[in-house]
Amino acid sequence: MKTFVHRGQITKVVFGSGTRSRIPEEADALGCRRVLILCTPGQAGQAVEVHDVLGTAAVGTFTDAAPHTPVEVTEKAVAYARTVGADSVLAVGGGSTIGLGKAIALRTGLPQLALPTTYAGSEMTPILGETEGRRKTTRRLPEVLPKTVVYDVDLTFTFPAAASVVSGINAMAHAVEALYAQDRDPLAFLMAGEALESLTRSLPVVAQRPDDGEARADSLYGAWLAGTCLGTVGMALHHKVCHVLGGTFGLAHAETHAVVLPHVVAHNAPAAPEAVARIAGALSAPDAASGLFDFARRLGAPRALRDLGMPESGIEQAAELIVRDGYWNPRPVERTAVRALLARAWAGQPPCASPGDGHPRTESATHHPTTTGARHA
Ligand code: NAD
């Protein structure tokens, strides 16, 4: 018998092509009459287009969203929202822009809509990561969950192929960790498997033909499912490693996920047989970890942390930070094993099971000491 607790999502999702034309009615359905649009400087063009769609319901555009949601940017955006009398925000972009929308919502209580343009999945999670000075903190807060998410495949065509590949692998990482989450439930398991199927099927096509509509739709669909997994169940070692590496060395978010994922799967494999069987099945590969490594390599994703700018001397420091706080992982997280995993990922070597206690375990029998589900996004 399966015993589980499932937490349902309350976000309304509209998915399709040309769906940005529905933004006015979706805003109206939430009672939003004065919408502030958010974007990064690079997506100002897309924001103008959405501004035109909204017409008089758009009261301004804030174009300074930045990676890792710096608090000083949020404060400027909140001041601007007050100046223009916004009653809601609409994030047009990836995780950086959606993070800004969440940070504004937390401070003002304004409802949010999101029009995601990457595969990061933040729009489906109640997770907010913010940076103050050099310190990044991550929290799970139900009040930051967007009310309505409109996925418009058309907006992803401009996302460059190389960035799409690593963003898609970032989404796959959410699905992978959902398969062995401490609080995994049958629905999250199904969604994660379907996310992996659609992303492994479509990303190779997107890498070759970024304007292929079917493949773009399939990738965005997988990203939605994977983001929902991230928002529903707790993550584990992989997200912790990426959080530490991003925060400590300023490594690019999606690229870091792409490099690290096969190595963590190799580490966790002995303790998560059902999960690795599902991953291998989705990849049509005999082994989940090497299947993921080969998949990323075939698609031209970066393979080595050193190529992302991490110094070799950082391996020791990162290993210390990764094992310092208690969090759940299917296999105990020990410093020697984490150091070995990082060394391989740093050098771009293929994954192999890390030295650890060496005893394969069943998924239900392994608990790392202190807290439940990691919160690193
Ligand atoms: P991003 O939002 O920083 O976007 C990367 C770059 O691509 C930006 O310059 C952006 O303007 C550009 N871009 C995005 N979509 C585009 C498109 N369709 N066409 C052309 N250019 C486009 O990257 P991301 O990977 O989506 O988000 C990363 C951030 O999101 C990190 O800070 C990460 O911590 C956070 N994140 C949070 C969660 C969560 O649940 N809280 C989940 C995933 C990621």
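Residues numbered from 1 in each chain as written. Predicted model: local features only at pLDDT ≥ 70, side-chain atom pairs only at ≥ 80, totals over all residues. Heavy atoms only, no water.

(A) Here's a closer look at the overall build of the protein chain. In terms of helices and strands, the protein chain carries 13 helices and 8 strands. Expected size for 377 residues packed as a compact globule is a radius of gyration near 21 Å; at 20 Å, the protein chain falls within 12% of this value. In terms of overall dimensions, the protein chain has C-alpha extents of about 65 × 45 × 40 Å along its principal axes. The burial tally for the protein chain puts 57% of its 377 residues in the buried class. Between the mean site of the 34 positive side-chain charges and the mean site of the 36 negative ones, the protein chain shows a separation of 4 Å. (Helix = DSSP H or I, 4+ residues; strand = E, 2+ residues; numbered from the N terminus. Rg over C-alpha atoms; globule rule 2.2 N^0.38 Å. Buried < 20%, exposed > 50% of the residue type's maximum accessible area, 1.4 Å probe, protein only. Lys, Arg positive; Asp, Glu negative; His and termini not counted. Charge placed at Lys NZ, Arg CZ, Asp CG, Glu CD.)

(B) Seen up close, the pairing of strand 7 (residues 135-140). As paired strands, strand 6 (residues 127-132) and strand 7 are joined by 6 bridges and run antiparallel to one another. Across the sheet, Leu128 pairs through a bridge with Arg139, a residue of strand 7. (Pairing = 2+ DSSP bridges.)

(C) The arrangement of the pairing of strand 6 in detail. Taking burial as the measure, the 6 residues of strand 6 include 5 buried ones, the bulk of the element. The loop that links strand 6 with its antiparallel partner strand 7 comprises 2 residues; one of these, Gly133, has a positive phi angle of about 65°.

(D) Expanded view of the UniProt feature "domain: Fe-containing alcohol dehydrogenase-like C-terminal" (unreviewed entry) in the protein chain. Under the local residue numbering, the UniProt record ascribes the feature "domain: Fe-containing alcohol dehydrogenase-like C-terminal" (unreviewed entry) to residues 165-346. In residues 165-346, the share of helix is 73% and the share of strand is 0%. The end C-alpha atoms are 20 Å apart. (UniProt positions renumbered as here; feature names shortened; annotations may be inferred.)

(E) Main features of the site of the ligand. Near the ligand there are 21 residues, and of these Thr40, Ser96, Thr117, Thr118 and Thr125 occur at the shortest range. Between the ligand and Gln43, the relevant distance is 3.0 Å, taken from an oxygen atom to a side-chain nitrogen or oxygen of the residue. Take Ser96: an N or O atom from its side chain is 2.5 Å from an oxygen atom of the ligand. Ranked by the residues each element gives to the shell around the ligand, the list is headed by helix 4 (residues 95-108), at 3 residues. (Near = heavy atom within 4 Å. Polar contact = N/O pair within 3.5 Å; in protein donor to acceptor, adjacent residues only side chain to side chain.)

(F) Expanded view of the nonpolar core. Formed by 83 residues in total, the largest nonpolar core has its most connected members in Ile169, Leu245, Leu305, Ile322 and Leu342. Top element by residues in this core is helix 5 (residues 161-179). It accounts for 10 residues. Counting contributing residues per domain, this core is built from domain 1 (12-157) and domain 2 (162-347), each supplying no fewer than three. Residue contacts for Ile169: discarding those within four places in its chain leaves Leu203, Ala258, Leu261, Phe295, Ala296 and Ala301. Within the second largest apolar cluster, 18 residues are counted, among which are Ala27, Cys39, Val50 and Val92. (Core = buried A, V, L, I, M, F, W, Y, C linked by side-chain atoms within 4.5 Å. Domains from an automatic or database assignment. Contact = heavy atoms within 4.5 Å.)

(G) Molecular detail of the sheet that holds strand 5 (residues 112-116). One open sheet accounts for 6 strands, arranged 1-8-5-4-2-3; its pairing is parallel. Here the strands that pair on one side only, and so sit at the sheet edges, are strand 1 (12-16) and strand 3 (58-62). If you compare each strand with its neighbour and ignore which way they point, the axes differ by 15° on average. With 2 bridges joining them, strand 5 and strand 8 (residues 148-152) adopt parallel strand pairing. Its bridge partner lying in strand 8, Leu113 is registered against Thr148. Against the sheet, helix 3 (residues 71-83) contacts strand 2 (35-38) and strand 3, and its axis sits at roughly 160° relative to strand 3. (Axes fitted to C-alpha atoms, helices over the stretch in contact; angles between N-to-C directions.)

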